[in-house]
Amino acid sequence: MKSFATIGLLIMSNIFMTFAWYGHLKFKELGWINNWGLPAVILLSWGIALFEYCFQVPANRIGFHENGGPFNLWQLKVLQEVITLVVFTIFTTVLFKNESFRWNHIVGFLFLVLAVYFIFKK
């Protein structure tokens, strides 16, 4: 169960992270953020990123093997990176229609899947 909790929390964390890092680029289309300066946009992103940390820190604490979880640090990091790319891909293809998902992206993701395989290999 700790592995599912860790992965679920990492997914939630990465949803907030993606919105914190890239959401302001889409918010600009809504109009209400157009007149904001960079410091205000940074504060908005920090506010969103707070929720990222509210999920990321517990995910790592629950998932880490020295705390009774199933993953070592290498495994936690690779899981987080793969989840980040999956969330980012969904975010980008749904919200940014002008960004295309090409064959080289798929090849890169396949290499990441191989990375997961090798990191988890005993």
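Everything numeric here is computed off the predicted structure, so don't read it as measured data.

So, how was this worked out
Residues numbered from 1 in each chain as written. Predicted model: local features only at pLDDT ≥ 70, side-chain atom pairs only at ≥ 80, totals over all residues. Heavy atoms only, no water. 1 Å grid on protein atoms, 1.4 Å probe; cavity = no way out; pocket = protein on both sides within 12 Å on 5 of 7 lines; lining within 4 Å. Points joined across faces, edges and corners; volume = space filled by probe spheres on them. Helix = DSSP H or I, 4+ residues; strand = E, 2+ residues; numbered from the N terminus. Nonpolar A, V, L, I, M, F, W, Y, C, P; charged D, E, K, R; others polar. Patch = residues over 30% accessible without salt bridge, like charges linked within 9 Å, V, L, I, M, F, W, Y side chains within 5 Å. Areas by Shrake-Rupley, 256 points an atom, 1.4 Å probe, with all protein chains shown as cover. Salt bridge = Lys/Arg side-chain N within 4 Å of Asp/Glu carboxyl O. Core = buried A, V, L, I, M, F, W, Y, C linked by side-chain atoms within 4.5 Å. Buried < 20%, exposed > 50% of the residue type's maximum accessible area, 1.4 Å probe, protein only. Contact = heavy atoms within 4.5 Å.

Help me out: how do you make sense of the layout of surface pockets in this one?
Left-over empty space is what a probe sized like a water molecule reveals as it rolls over the atoms. Estimated volume of the largest pocket: approximately 160 Å³. In this structure, the largest pocket is lined by Leu85, Phe88, Thr89, Thr92, Thr93, Glu99, Ser100, Phe101, His105 and Phe109. Of the residues forming the lining of the largest pocket, the biggest block, five residues, is contributed by helix α3 (residues 73-95). When its residues are assigned to classes, the lining of the largest pocket shows four nonpolar, five polar and one charged.

Explain a nonpolar patch on the surface to me, please; I cannot follow it from the model alone.
Together, Trp103, Val107, Phe111, Leu114, Tyr117 and Phe118 make up a nonpolar patch on the protein surface, roughly 710 Å² of accessible area in all. With respect to the helices, strands and loops of the structure, Leu114 is situated in helix α4 (residues 103-120).

Looking at this structure, I do not really get the nonpolar core. What am I missing?
Considering soluble globular proteins, one finds that nonpolar side chains tend to be buried as a cluster. Counting residues in hydrophobic clusters, the biggest one holds nine residues: Leu9, Leu10, Ala59, Phe64, Phe71, Leu76, Leu79, Ile83 and Val87. Those elements giving two or more residues to this core turn out to be α1 (2-30) and α3. No other element matches α3, which puts four residues into this core. Not counting residues up to four positions away in its chain, the partners in contact with Val87 are Ile11, Asn14, Ile15 and Thr18.

None of this, on its own, says anything about what the molecule does.
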